[in-house]
Amino acid sequence: MPKMIVEKKEKKAEKRKKLKDDVAQKDDLELETKLKKKKKQKLQATKEEEELIAEEEEELTPEEKRKLERKLKKERKKKEKQLMREAGIPIKKVEPKKPSGCERALAYLTSWSKNPEEWKFQKTRQTWLLLHMYDKEKVPDKYFTILLDYLQGLQGNARDKTVQKAEAFMKEFDGSDGEDPNLLGKCERIRQVLQLLS
């Protein structure tokens, strides 16, 4: 008796599996036919657009042709996105990676040292450098030597504030008994800046 029950359960499980497979195959076939139909519609639409372009090209100026081509390109992209959405394919926008503030500031500093003719002053880059110049991770040693040369030309309020901040940091470090290598490195950089600007 228990064997019969087990066999019935196995048969039911097999039937369910077959039904699921059949349904999945049907869904796949339906999806493929829908995609094929939409591709055909798209191809027909693009052929019609090309024919319209060919007819209108004879009458249009170059400026009007460019505008029309841009417009058609936008429409094609829009249709492609719509087809992708309907097919259930996720659309991801790939944005180019923008350089970080650190990378931009270090490139600015390098440009100042290597291409002074092409170099152009940028307040935001200078501010970033002045804020982070004591941090060895953000401004490595090879850039710090260039930064010291850059600081020699520092003028006005920026120079005064840099000296004031360096003195304040120095007082802070003199008050603390730190054997931390990071603090010692930072302290050494502060001394170098103070010697240079004072």
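Reading the values: rules and limits
Residues numbered from 1 in each chain as written. Predicted model: local features only at pLDDT ≥ 70, side-chain atom pairs only at ≥ 80, totals over all residues. Heavy atoms only, no water. Patch = residues over 30% accessible without salt bridge, like charges linked within 9 Å, V, L, I, M, F, W, Y side chains within 5 Å. Areas by Shrake-Rupley, 256 points an atom, 1.4 Å probe, with all protein chains shown as cover. Salt bridge = Lys/Arg side-chain N within 4 Å of Asp/Glu carboxyl O. Lys, Arg positive; Asp, Glu negative; His and termini not counted. Charge placed at Lys NZ, Arg CZ, Asp CG, Glu CD. Helix = DSSP H or I, 4+ residues; strand = E, 2+ residues; numbered from the N terminus. Phe/Tyr/Trp six-rings, centres within 6.5 Å; stacked < 30°, edge-to-face > 60°. Buried < 20%, exposed > 50% of the residue type's maximum accessible area, 1.4 Å probe, protein only. Core = buried A, V, L, I, M, F, W, Y, C linked by side-chain atoms within 4.5 Å. Contact = heavy atoms within 4.5 Å. Axes fitted to C-alpha atoms, helices over the stretch in contact; angles between N-to-C directions. Parallel < 35°, antiparallel > 145°, perpendicular 65-115°, else oblique. Nonpolar A, V, L, I, M, F, W, Y, C, P; charged D, E, K, R; others polar.

Draft legend 1. Just a positive patch on the surface, in detail. A contiguous patch of positive charge, built from Lys73, Lys77, Lys81 and Arg85, is present on the exposed surface. Assignment of secondary structure puts Lys77 in helix 2 (residues 62–87).

Draft legend 2. Representation of the packing of aromatic side chains within the structure. Going through the model one piece at a time under the given rule, you end up with 5 aromatic pairs. Ring centres 6.0 Å apart and planes at 75° place the aromatic pair Tyr108 and Tyr150 in the edge-to-face group. Taken as a pair, Tyr108 in helix 3 (residues 101–114) and Tyr150 in helix 5 (residues 141–152) lie far apart in primary sequence, 42 residues in all. In this structure Tyr150 comes out as buried when scored by relative accessible area, which is 7%.

Draft legend 3. Spotlight on the nonpolar core. In terms of nonpolar packing, the biggest core is built from 27 residues, with Met133, Leu147, Leu151 and Val193 touching the most fellow members. Within the residue set of this core, elements represented by two or more residues are helix 3, helix 4 (123–132), helix 5, helix 6 (156–175) and helix 7 (181–197). The element best represented in this core is helix 5, accounting for 6 residues. Not counting chain neighbours up to four residues away, the residues in contact with Val193 comprise Met133, Tyr134, Phe144, Leu148, Leu151, Thr162 and Ala166.

Draft legend 4. Region of interest: the packing of helix 3 against helix 4. The contact between helix 3 and helix 4 brings their axes to 9 Å, and the two run at 105°. Classified by the angle their axes make, helix 3 and helix 4 are roughly perpendicular. Taken together, the residues of helix 4 that come into contact with helix 3 (itself represented by Gly101, Cys102, Arg104, Ala105, Tyr108 and Leu109) are Arg125, Gln126, Trp128 and Leu129. Partitioning the contact of helix 3 with helix 4 into residue classes produces 6 nonpolar, 2 polar and 2 charged.

Draft legend 5. Focus on the pattern of salt bridges. The final tally for this structure, using the stated rule, is 2 salt bridges. For Glu63, the salt bridge goes to Arg66, with nearest N and O atoms at 2.6 Å. Placement of the pair is Glu63 and Arg66 together in helix 2, with a separation of 3 residues, close to one helical turn. With a closest N to O distance of 2.9 Å, Asp141 and Arg189 form a salt bridge. Remark: Arg189 occurs in helix 7 and Asp141 occurs in helix 5; sequence separation between them is 48 residues. By relative accessible area, which is 46% here, Asp141 ends up partly exposed.

Any functional reading would require information beyond the geometric quantities listed.
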